[in-house]
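Each chain, written out:
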Amino acid sequence: MSRFLLDPTSEQTVLERSLLPRPSSLRGKTVGLLDISKPRGDVFLNRIEQRLTEMGASVLRYRKPTFAKPAPVDLRHEIATQCELVIEALAD
């Protein structure tokens, strides 16, 4: 089965990116949950956090100031240095 990663940014030239291998287990991993500040995204992430915790993962929560712009550089750096995996929530 082919997998495609679609980048929602306005790239003029599409870059080829490889998917990273998935971990065999989430136990002991630190997972960052990024709320992009859309309505009800936190509801989705609350449930995901519950499930991840049940699977043995540690969860850190983050929130973008607004969904209309990319996450600030300092927030992206914080997530990258503190987490092994990231889930970004979209909702409405």
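The structure this text deals with has already been given above.
Parameters at a glance
- Residues numbered from 1 in each chain as written.
- Predicted model: local features only at pLDDT ≥ 70, side-chain atom pairs only at ≥ 80, totals over all residues.
- Heavy atoms only, no water.
- Helix = DSSP H or I, 4+ residues; strand = E, 2+ residues; numbered from the N terminus.
- Buried < 20%, exposed > 50% of the residue type's maximum accessible area, 1.4 Å probe, protein only.
- Contact = heavy atoms within 4.5 Å.
- Areas by Shrake-Rupley, 256 points an atom, 1.4 Å probe, with all protein chains shown as cover.
- Pairing = 2+ DSSP bridges.
- Axes fitted to C-alpha atoms, helices over the stretch in contact; angles between N-to-C directions.
- Salt bridge = Lys/Arg side-chain N within 4 Å of Asp/Glu carboxyl O.
- Polar contact = N/O pair within 3.5 Å; in protein donor to acceptor, adjacent residues only side chain to side chain.
- Lys, Arg positive; Asp, Glu negative; His and termini not counted.

**Notes on the overall build of the protein chain**
- Scanning the protein chain from N- to C-terminus turns up 2 helices and 3 strands.
- Each helix and strand of the protein chain, placed in order from N terminus to C terminus, yields the pattern β-α-β-α-β.
- Residues counted as buried form 24% of the 92 residues belonging to the protein chain.
- Long-range pairs, those at least 24 residues apart, make up 68% of the contacts in the protein chain between residues at least 6 apart in sequence.
- Surface accessibility of the protein chain: about 7,400 Å² in total, with carbon and sulfur atoms responsible for 54%.

**What to know about the sheet that holds strand β3 (residues 85-89)**
- Sheet architecture is open: 3 strands sit in the order β2-β1-β3, paired in parallel fashion. The outermost strands of the open sheet, each flanked by one partner alone, are β2 (58-63) and β3. Shown here is a sheet whose adjacent strand axes are inclined to one another by a mean of 20 degrees, direction ignored.
- The pairing of strand β1 (residues 30-35) with β3 spans 5 bridges and is parallel. If you follow leucine 34 over to β3, its bridge partner there is glutamate 88.
- Helix-sheet contacts for helix α1 (residues 41-54) involve β1, β2 and β3, and the interaxial angle to β1 is about 170 degrees.
- Sheet strands in contact with helix α2 (residues 73-82) are β1, β2 and β3, and its direction is about 175 degrees off that of β2.

**A look at the pattern of salt bridges**
- With the rule as written, the count across this model stands at 4 salt bridges.
- Among the salt bridges present, the one from arginine 63 reaches aspartate 35, with a minimum N-O distance of 2.7 Å. With arginine 63 in strand β2 and aspartate 35 in strand β1, this pair connects stretches of sequence that are 28 residues apart.
- Aspartate 35 gets classed as buried once you look at its relative accessible area, which sits at 5%.

**Quick notes on the environment of tyrosine 62**
- The residue tyrosine 62 is located in strand β2 in this model.
- It is 4.8 Å that separates the C-alpha atoms of tyrosine 62 and leucine 34, two residues lying 28 residues apart in sequence.
- Of note is the side chain of tyrosine 62, whose polar atom sits 2.6 Å from the side chain of glutamine 82.

**Points about the side chain of lysine 64**
- Note that lysine 64 resides in the loop between β2 and α2.
- For the buried lysine 64, no salt bridge exists, and the shortest N-O distance to an oppositely charged side chain is 5.1 Å, to glutamate 88.
- In terms of polar contacts, lysine 64 uses its side chain to reach the backbone carbonyl oxygen of lysine 69, at 2.6 Å.
- Non-local contacts of lysine 64, meaning those with residues more than four positions away in its chain, are made with Leu34, Asp35, Ile36, Ser37, Lys69, Pro70, Ala71 and Leu75.

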